[in-house]
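For reference, the chains in residue letters:
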There are 2 protein chains.
Amino acid sequence: MPESDNLVEQVLAGNRRALARLISLVEDGTPEANEAISVLYSHTGSAYTIGVTGAPGTGKSCLVTELVKHLRTQDKRVAVVAVDPSSPFTGGALLGDRFRMRDLAGDPGVFIRSMATRGQLGGVARATFDVMRVLDAAGFDYVIVETVGAGQNEVEIARVADTVVLVDAPGMGDDIQAIKAGILEIADVIVVNKADRPGVKNTVRALKAMLELGHRKREISHHGQVMIQTDGFEKTLIDDMWQVPVLQTIATQGEGIEELAQAVLNHAEYLSSTGIQAERDRVRLQNELINRLRDRLVYDLLQRMPSQDLEKLVTAIAARELDPASAVQSLVSNSKHE
Amino acid sequence: MPESDNLVEQVLAGNRRALARLISLVEDGTPEANEAISVLYSHTGSAYTIGVTGAPGTGKSCLVTELVKHLRTQDKRVAVVAVDPSSPFTGGALLGDRFRMRDLAGDPGVFIRSMATRGQLGGVARATFDVMRVLDAAGFDYVIVETVGAGQNEVEIARVADTVVLVDAPGMGDDIQAIKAGILEIADVIVVNKADRPGVKNTVRALKAMLELGHRKREISHHGQVMIQTDGFEKTLIDDMWQVPVLQTIATQGEGIEELAQAVLNHAEYLSSTGIQAERDRVRLQNELINRLRDRLVYDLLQRMPSQDLEKLVTAIAARELDPASAVQSLVSNSKHE
């Protein structure tokens, strides 16, 4: 029996050490991990995912800790994935936050994992999705992904969550508002934490104003209708009528946490009753299928071809003797006539 | 003669209306535009690209305007591409900035273009690269791309510039520093604008401290050696020994602009003398080739296959009857046995 089968069985049986082990393999992108994920896939689809995102200093990790505690009072099993920003600059700040999460460490219904960053842009997002899938298969009711709300991967990671919670706090500076615009667009619930601080009314007002300015649109493709373009997929934008609530919390005192949990539940129900949840799942899986197919096809083609050939092409392109589009054409034609 | 040939000739002859027209076609991603870009490709590779990025309120556009004026005193032809953030939230603020750029509108050696955002994530970055290529072929000595330093596409766009200039200003708030980390990593020159404002020393100090904390590494692949993984390319990180200068400017008074232009020149010379420039060009073109190939192969495969087949697969995956990796395997096998 291959080791991955064994691991899969142990993970499905609730073995935490096996789970931690498998997640490490997933982070490393090993073939066993890919095999295990394929086998585990049929057990996925029941976890509800919550993305919690916010700048350092908003008390985001403390809020996550309190949210987990609350969900535990309802006997829900909860996994938390903390995604390090790919930048080494902010790495230090998060250490303290992660330390606070250790409150939960003794609880068998809680699993906390911090994603290592291997410096590979894009790789973190991919690994995070796979880890979320493993945790889903492992039977957690909620998978919470915590990210800093800035950077390339951040929005991408937050985007896959069923409900995206954006955490802000008073006194974070006006200028930061503009920066947050990108993440505000995908927020489903907004939390102003540290609501006992001065300036909370201004922060709430500013966030509400920005929400009104923005058009909330979700990318959902027509059911079953896929229009293909060379550079990707044409998607139809349909209006998402969800009204984003702006809540106030004082996470250090546990205040407002119940309301936050309720807002997440309301959103989950909204997604489910409107059919958006099912449609999003479908669109995501379709995109994943296409992306995997893309990688596989190019991999197969390059495997079949001598590596000097690729090098020669790149050299010709760099010398401006050949343009990239024509190079692609010749690669595709050659591979057909083999 | 197809219309694109005509446009290409006119663009190469320096016709500004033809250039504007072609850029619109490029933004729309028309087949004529793709054809024109292929033809123009052999004329590219001589423009030097500068990415200028910074939060709203840093005086970035004013700085760009002054930099363009300075380069014009040296008889350099300069194109500016202003990239709207994909978010509608910040769209308003940039309008005023763009207005200021009209100082340069009468100058035949200057071409200014604001990229429209069509709401397509990723599409803006792709269109921007193509527009930069067209401007390169049109004979501009410098192509300056101005972006707001946050958001998914922003870093991606800034990353393709030969020299990335990060603009900051005093009084932008401490919290914003953490957010900027992602962009700080790719900055080659840092400018503290509005240096007549109080707090300039603190801002300079904070930026220098963040620079020291961070490890500057550039993604450069081994020359001619490409290791292929299913999820992309393994790259070797080599140290870039460039010392990022932190300059002070007062753009509204033209102060520090010459020093900024000199810093960009120094960086250009550094890239060129170390061979990094040639290597980066090669790596970028190779990545572009692979990405185009990826899109093309998946497009070809999906074209050959009845659309219901894809739908059925996605339905099976959504029902957790089939996992994405196995679905890819079956798609690839079927296409081979056709």
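**Section: the overall build of chain A**
Link 1 in the chain: When helices and strands are counted, chain A shows 14 helices and 11 strands.
Link 2 in the chain: Taking all 338 residues of chain A together, the buried fraction comes to 44%.
Link 3 in the chain: The contacts of chain A with a sequence gap of at least 6 include a subset with a gap of at least 24, amounting to 76%.

**Examining helix α2 (residues 16-28) of chain B**
Link 1 in the chain: The end-to-end C-alpha separation of α2 of chain B is 19 Å, in line with the 18 Å expected for 13 residues at 1.5 Å each.
Link 2 in the chain: One or two residues past the end of α2 of chain B sits Gly 29 of chain B, with phi positive at roughly 65 degrees.

**Some points on the confidence of the model for chain A**
Residue and element names in this part refer to chain A.
Link 1 in the chain: Scored by pLDDT, chain A comes out at a mean of 80, with 76% of its residues at no less than 70.
Link 2 in the chain: Ranking the elements of chain A by mean pLDDT puts strand β8 (residues 227-229) last with 32 and strand β11 (residues 246-248) first with 97.
Link 3 in the chain: Low pLDDT (under 50) marks residues 86-96, which in the prediction has 27 contacts with non-local residues, meaning those over four places away or in another chain.
Link 4 in the chain: Predicted confidence for residues 217-237 stays below pLDDT 50, and this span has 34 contacts to residues more than four positions away or in other chains.
Link 5 in the chain: In the predicted complex, the global pTM is 0.73; the interface-specific ipTM is 0.80.

**Re unusual backbone geometry**
Link 1 in the chain: One non-glycine residue, Asp 75 of chain A, adopts positive backbone phi at about 65 degrees.
Link 2 in the chain: Locating Asp 75 of chain A in the fold gives a position in the loop between α4 (60-73) and β2 (78-83).

**Quick notes on the domain arrangement of chain A**
Link 1 in the chain: Here the domain parsing of chain A yields domain 1 (1-42), domain 2 (44-274) and domain 3 (305-336).
Link 2 in the chain: For domain 1 of chain A versus domain 3 of chain A, the distance between C-alpha centres works out to 39 Å.

**Looking at helix α3 (residues 31-40) of chain B**
Link 1 in the chain: Within α3 of chain B, burial applies to Ala 33, Ala 36, Ile 37, Val 39 and Leu 40 of chain B. Taken around the axis of α3 of chain B, the buried residues stretch over an arc of 160 degrees, which confines them to a single face.

**A look at the sheet that holds β2 of chain A**
Residue and element names in this part refer to chain A.
Link 1 in the chain: With parallel pairing, seven strands are arranged side by side in an open sheet as β3-β2-β4-β1-β5-β6-β11. Looking along the sheet, the strands with just one partner apiece sit at the ends: β3 (110-115) and β11. Averaged over all pairs of adjacent strands, the angle between strand axes in this sheet comes to 20 degrees, irrespective of strand direction.
Link 2 in the chain: In this structure, strand β1 (residues 48-54) lies alongside strand β5 (residues 163-168), joined through five bridges in parallel fashion. Across the sheet, Gly 54 pairs through a bridge with Val 167, a residue of β5.
Link 3 in the chain: Packing against the sheet, α4 makes contact with β1, β2, β3, β4 (142-147), β5 and β6 (189-192), and its axis sits at approximately 175 degrees to β4.
Link 4 in the chain: Along the sheet face, helix α11 (residues 257-274) touches β1, β5, β6 and β11 and points at about 170 degrees away from the line of β6.

**Side note on the sheet that holds strand β2 (residues 78-83) of chain B**
All names here are of chain B.
Link 1 in the chain: Strand order in the open sheet formed by seven strands is β3-β2-β4-β1-β5-β6-β11, and the pairing between neighbours is parallel. Each edge of the open sheet carries a strand with a single partner, namely β3 (110-115) and β11 (246-248). Taking each pair of neighbouring strands and ignoring which way they run, the sheet shows an average axis angle of 20 degrees.
Link 2 in the chain: Here strand β1 (residues 48-54) runs beside strand β4 (residues 142-147); their pairing, made up of six bridges, is parallel. Along β4, the bridge assignment pairs Thr 53 with Thr 147.
Link 3 in the chain: Relative to the sheet, helix α4 (residues 60-73) contacts β1, β2, β3, β4, β5 (163-168) and β6 (189-192), its axis offset from that of β4 by approximately 175 degrees.

**Remarks on the packing of helix α13 (residues 307-318) of chain A against helix α12 (residues 276-304) of chain B**
Link 1 in the chain: One way to put it is that α13 of chain A packs onto α12 of chain B with a least axis distance of 9 Å and a crossing angle of 115 degrees. Crossing handedness for the pair α13 of chain A and α12 of chain B: right-handed. Residues Leu 313, Val 314, Ile 317 and Ala 318 of chain A of α13 of chain A form the contact with α12 of chain B, whose own contacting residues are Asp 281, Arg 282, Leu 285, Gln 286 and Leu 289 of chain B.
Link 2 in the chain: Partitioning the contact of α13 of chain A with α12 of chain B into residue classes produces six nonpolar, one polar and two charged.

**Structural notes on the packing of α4 of chain A against α11 of chain A**
Residue and element names in this part refer to chain A.
Link 1 in the chain: The interhelical angle for the contact between α4 and α11, taken along N-to-C directions, is 75 degrees, at an axis separation of 10 Å. The angle between α4 and α11 falls in the class roughly perpendicular. Along the contact surface, α4 presents Glu 66, Leu 67, His 70 and Leu 71, while α11 presents Ile 257, Glu 258, Leu 260 and Ala 261.
Link 2 in the chain: Its residues assigned to classes, the contact of α4 with α11 shows five nonpolar, one polar and two charged.

**Remarks on the environment of Thr 315 of chain B**
Link 1 in the chain: One can find Thr 315 of chain B in helix α13 (residues 307-318).
Link 2 in the chain: Separated by 302 residues in the primary sequence, Thr 315 of chain B and Ala 13 of chain B have C-alpha atoms spaced 53 Å apart.

The rules behind each value
- Residues numbered from 1 in each chain as written.
- Chains lettered and ligands numbered in written order.
- Predicted model: local features only at pLDDT ≥ 70, side-chain atom pairs only at ≥ 80, totals over all residues.
- Helix = DSSP H or I, 4+ residues; strand = E, 2+ residues; numbered from the N terminus.
- Buried ≥ 20, exposed ≤ 12 C-beta atoms within 10 Å, placed from the backbone.
- Contact = placed C-beta atoms within 7 Å.
- Expected span 1.5 Å × (residues − 1).
- pLDDT = per-residue confidence, 0-100.
- Domains from an automatic or database assignment.
- Arc of directions from axis to C-beta.
- Pairing = 2+ DSSP bridges.
- Axes fitted to C-alpha atoms, helices over the stretch in contact; angles between N-to-C directions.
- Left-handed = near helix turned anticlockwise from the far one by under 90°.
- Nonpolar A, V, L, I, M, F, W, Y, C, P; charged D, E, K, R; others polar.
- Parallel < 35°, antiparallel > 145°, perpendicular 65-115°, else oblique.

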